[in-house]
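Coordinate inspection notes
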Amino acid sequence: MKNGLLHTVILSGIILYLAHSIGFFDLDKLAAGSKNLITFTHDLFPPDFSVTEPLLYSIFETIQMALLGTVLGFIAALPLGLLGARNISGIGISAAARLILGGIRTIPALLWAIIFVVAFGLGPLPGTLGLAIYSVGYLSKLYYEAFEAVYQEVIEAVRATGISRLKEIRFVVLPESMNHILSQLFFMFEYNVRSSAILGFVGAGGIGFYMISYIQLFQYQRLTTAVLLTLAVVLVIDLASARIRDRFLTTS
Amino acid sequence: MIQATGSQKSWDDMEEFAVELCSVWYSPNGDHHILKNIDLKIKRGTCLALIGPSGSGKTTLFKIITRFLKPCSGSVIVRGSCGSLEKNKVGYIPQQLGLVRSLTALENVLIGAHSRIGLAGTLLGVFPKKEVELAAKYLNMVGIGHKAAKKVYTLSGGERQRVAIARALMQQPEIILADEFVSNLDIITAREILAEPRSWR
Ligand SMILES: Nc1ncnc2c1ncn2[C@@H]1O[C@H](COP(=O)(O)OP(=O)(O)OP(=O)(O)O)[C@@H](O)[C@H]1O
Ligand SMILES: [Mg+2]
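Residues numbered from 1 in each chain as written. Chains lettered and ligands numbered in written order. Predicted model: local features only at pLDDT ≥ 70, side-chain atom pairs only at ≥ 80, totals over all residues. Heavy atoms only, no water.

**Points about the overall build of chain B**
Along chain B, the regular secondary structure elements total six helices and six strands. Beginning at the N terminus, the succession of helices and strands in chain B can be written as β-β-α-β-β-β-α-α-α-β-α-α. Long-range pairs, those at least 24 residues apart, make up 68% of the contacts in chain B with a sequence separation of at least 6. Accessible surface, chain B as shown: approximately 10100 Å² in total, 54% of it carbon and sulfur. (Helix = DSSP H or I, 4+ residues; strand = E, 2+ residues; numbered from the N terminus. Contact = heavy atoms within 4.5 Å. Areas by Shrake-Rupley, 256 points an atom, 1.4 Å probe, with all protein chains shown as cover.)

Listed below in structure tokens is the structure:
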């Protein structure tokens with residue numbers, strides 16, 4: 001008990017110190033910041049809906065990027081996930097695959113987008129590639145974990161029939177983990193819709209390009225319109241995706 | 001620890017034993033042995049029930065015979081009628097049955113035939129008509145022909161057990177290893193099924 005109290009005190013001390021060093025107790029700074037926030041909020045309203053039409057086009061581009069990026073990522077993630085699953089590929093191959101996938105995951109989507117903008121120039125192409133490769137890193141990890149969760153006895157019983165490895169994947173591993181595969185695919189798509197909005201900040205296409213321009217030009221009322229539209233679209237996609245997911249998933 | 005010895009015959013008549021374990025020791029972690037010095041010889045064409053209390057190592061022994069586990073020492077020989085045995089000739093029904101729950105009963109039974117069928121059509125889910133008929137026949141034989149098109153996760157425990165049996169039969173195996181064969185069945189069904197192995201042959 002005594003020990004627990006001591007630990008709590010020490011932990012709180014560390015957290016308070018960290019907060020202090022970041023500037024949480026700098027009252028002057030906080031006051032000035034709050035004032036700025038209020039002014040900024042004031043400037044955001046009323047939204048300027050005159051820019052709705054071009055914004056709708058660019059939001060369509062954002063969804064396009066998210067959809068294509070997710071699909072490309074998915075196509076690459078299935079085989080890579082299989083390579084990464086220890087119960088399917090064995091220790092050696094899976095370790096190598098995991099190392100590569102781990103490397104891919106350490107680079108955030110925004111950085112991938114910057115890399116591809118440098119390589120391919122501005123526009124939705126680098127954004128889509130960035131989302132695709134980011135999706136590969138994450139989906140593959142989620143997938144090899146799903147594949148490894150396939151019950152060992154199922155695999156043993158089926159291997160006893162002398163089935164080939166390719167058919168084992170097609171008739172056992174994939175059907176057994178189909179629920180995970182689909183629900184994580186939808187999750188990835190929702191996630192990519194959100195993050196693709198930001199890719200435009202680095203010139204990789206989509207609505208983010210307008211957002212960053214409005215910020216730089218101090219056109220905050222237009223920014224509000226862009227944010228509201230993004231919010232509406234993300235909500236609609238979330239709802240639709242939840243619906244579709246429920247349709248697909250079988251209970252078992 | 002379990003000790004089991006099948007019906008024994010002369011040593012020179014080796015080919016007659018389908019399964020032959022010689023002083024098999026097994027331990028999952030290196031110190032505590034689950035199987036201690038097991039000698040087991042099972043004659044071809046016989047039916048042998050292995051009985052032991054919970055945790056005595058029956059499942060472990062099955063996995064040694066199917067070679068999913070390697071013994072620490074001792075030899076394991078599984079023979080076909082003509083010398084060495086291909087893997088697909090051993091039908092293995094694990095304790096939890098090992099069915100693919102999101103496939104139908106028929107598709108599960110067809111898994112037993114995959115080693116005979118080529119790759120091309122099958123990957124798309126198209127099977128030779130002959131094999132589909134055979135699978136339906138085995139499902140009828142174990143009494144659940146009417147559930148062929150049902151997904152396994154909608155079936156009851158006893159029905160699943162029958163699907164697993166049909167899958168093993170579909171392999172047209174020389175040896176069937178069934179772990180906790182009747183645990184999911186009511187006593188009357190259990191009797192029926194226990195009487196059946198003879199009719200499968
Ligand atoms: N991977 C493992 N690591 C450690 N101990 C294990 C492992 N597998 C099995 N055991 C132990 O070995 C013993 C035998 O297990 P086994 O599953 O073979 O028993 P069983 O005879 O099939 O029992 P039941 O009738 O309950 O199915 C048990 O005590 C179990 O805890
Ligand atoms: Mg057991």
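**A look at a nonpolar patch on the surface**
All names here are of chain A. A contiguous nonpolar surface patch, about 650 Å² in accessible area, is contributed by Leu110, Leu111, Ile114, Ile115, Val118, Ile198, Phe201 and Ile215. Here the nonpolar patch takes five residues from helix α5 (residues 109–120), the largest share from any one element. Mapped onto the secondary structure, Leu110 falls in helix α5. (Patch = residues over 30% accessible without salt bridge, like charges linked within 9 Å, V, L, I, M, F, W, Y side chains within 5 Å. Salt bridge = Lys/Arg side-chain N within 4 Å of Asp/Glu carboxyl O.)

**Concerning unusual backbone geometry**
Residue and element names in this part refer to chain A. With an omega dihedral of -5°, the bond running from Phe45 to Pro46 counts as a cis peptide bond. Here Pro46 lies in the loop between α2 (27–44) and α3 (52–84). Within the chain, Phe218 stands out as a residue other than glycine whose phi angle is a positive 60°. Along the polypeptide, Phe218 turns up in the loop between α10 (208–216) and α11 (220–248). Given the relative accessible area of 63%, Phe218 is considered exposed. (Buried < 20%, exposed > 50% of the residue type's maximum accessible area, 1.4 Å probe, protein only.)

**What about the site of ligand 1?**
All names here are of chain B. Around ligand 1, the neighbouring residues are Pro28, Ile34, Pro53, Ser54, Gly55, Ser56, Gly57, Lys58, Thr59, Thr60, Gln95 and Glu180. Note that an oxygen atom of ligand 1 is positioned 2.7 Å from one of the side-chain N or O atoms of Ser54. A distance of 3.2 Å separates an oxygen atom of ligand 1 from a polar atom in the backbone of Ser56. For ligand 1, the protein covers 55% of the area, taking 650 Å² as the surface of the free molecule. Within the shell around ligand 1, the residues separate by chemical class into three nonpolar, seven polar and two charged. (Near = heavy atom within 4 Å. Polar contact = N/O pair within 3.5 Å; in protein donor to acceptor, adjacent residues only side chain to side chain. Nonpolar A, V, L, I, M, F, W, Y, C, P; charged D, E, K, R; others polar.)

**Considerations on the interface of chain B and chain A**
With 31 residues of chain B at the contact, the number on the chain A side is 22 residues. Each partner contributes to the roughly 2300 Å² buried at the junction of chain B and chain A, and carbon and sulfur atoms together form 62% of this total. The largest per-residue losses of area from chain B upon contact with chain A belong to Phe68, Leu123 and Tyr153 of chain B, which jointly make up 22% of the total buried on that side. The interface formed by chain B and chain A holds two salt bridges in total. The salt bridge partner of Arg101 of chain B is Glu176 of chain A, with a shortest N-O separation of 3.9 Å. (Buried area = accessible area lost by both parts, 1.4 Å probe.)

**Details of the pattern of salt bridges**
Residue and element names in this part refer to chain A. The tally for this structure, following the rule as stated, stands at 12 salt bridges over all chains. Arg98 serves as the salt-bridge partner of Glu148, at 2.6 Å between the closest nitrogen and oxygen. Highlighted residues: Glu148 in helix α6 (residues 124–148) and Arg98 in helix α4 (residues 86–106), separated in sequence by 50 residues. The exposure class assigned to Glu148 is partly exposed, which follows from its relative accessible area of 24%.

**Focus: the nonpolar core**
In this structure, Val172 of chain A together with Ile93, Val109, Ile111, Leu139, Val163 and Met170 of chain B are the most contacted members of the largest nonpolar core, which totals 34 residues. Broken down by secondary-structure element, the contributors of at least two residues to this core are α7 (152–159) and α8 (165–176) of chain A together with α2 (105–111), α3 (129–141) and α4 (157–170) of chain B. Top contributing element to this core by residue count: α4 of chain B, with seven residues. Apart from the residues lying within four places of it in its own chain, the contact partners of Val172 of chain A are Val154, Val158 and Lys167 of chain A together with Val100 and Ile111 of chain B. (Core = buried A, V, L, I, M, F, W, Y, C linked by side-chain atoms within 4.5 Å.)

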